[in-house]
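The chain contents come next:
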Amino acid sequence: DGAVITIGTASPVVITQTSNVLTLSAGDKIVSPLLGFGVETGGGAATLTPAQSGGVFLFNAAAGFLYTLPAAVAGLNYKFIVTTTVTSSVARVACASGDFFLGSFIQSTDGTYITAAHAANGTTHLAWEGDGSTTGGLAGDWLEVVAISGTQWAVCGFGRATGSEATPWKTS
């Protein structure tokens, strides 16, 4: 764990191994995660890294969880799946400071199946929260994010709500 291979000196290409992920970088840019689409689980909070790009991250605790994305760099991508319905607190995916979500979370109620689309505007929405009720956070909900610039994450997700659907997008 933690192995680094450097090729060249003037403009080196670096292959880094962290846990089950191999990452290829050139200068200060992550070129590509080479390997390691592992599933991460946890409780509490975690700040993701560029080396975890391509990973699947689970909300597997009824008490919720906070995943914070790294600063957006075009091409980074992460998938989040709720495997345990949130019953206290929230399931939250938050952008790094200065970054925002752009895209939609599609939702249907658990009984009437009336669909609602909740749009993130790309300029003020910096977090998605599922509360286990009206904003999502129910087992089976999922969210996928892909950095499309140095400040925006394209987002797409599907979920359910109990009762009347409400926007999962947060400005703080």
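Here's what I pulled together on the structure shown here. (Residues numbered from 1 in each chain as written. Predicted model: local features only at pLDDT ≥ 70, side-chain atom pairs only at ≥ 80, totals over all residues. Heavy atoms only, no water.)

**Some details on the pattern of salt bridges**
Part 1 of the argument: Considering all chains together, one arrives at one salt bridge under this definition.
Part 2 of the argument: One salt bridge in this structure joins R92 and E129, with 2.4 Å as the shortest N-O distance. Here R92, found in strand β10 (residues 91-94), pairs with E129, found in strand β13 (residues 127-130); they are 37 residues apart in sequence, far enough to count as distant. (Salt bridge = Lys/Arg side-chain N within 4 Å of Asp/Glu carboxyl O. Helix = DSSP H or I, 4+ residues; strand = E, 2+ residues; numbered from the N terminus.)

**Points about the packing of aromatic side chains**
Part 1 of the argument: On inspection of all chains with the given rule, the structure shows twelve aromatic pairs.
Part 2 of the argument: Relative to W153, the ring of Y78 lies with its centre 5.9 Å away and its plane at 55°, an arrangement referred to as tilted. Of this pair, Y78 sits in strand β9 (residues 77-82) while W153 is found in strand β15 (residues 152-161), placing the two residues 75 residues apart along the sequence.
Part 3 of the argument: Here Y78 falls in the buried class, since its relative accessible area comes to 1%.
Part 4 of the argument: Note on W153: relative accessible area 0%, which makes it buried.
Part 5 of the argument: Here the aromatic residues F57, F59, F65, Y67, Y78, F80, F105, W128 and W153 are joined through ring pairs into a cluster of three or more.
Part 6 of the argument: Directly above the aromatic system of W142 lies the positively charged group of K79, at a separation of 5.0 Å from the ring centroid. (Phe/Tyr/Trp six-rings, centres within 6.5 Å; stacked < 30°, edge-to-face > 60°. Buried < 20%, exposed > 50% of the residue type's maximum accessible area, 1.4 Å probe, protein only. Lys NZ or Arg CZ within 6 Å of the ring centre and 35° of its normal.)

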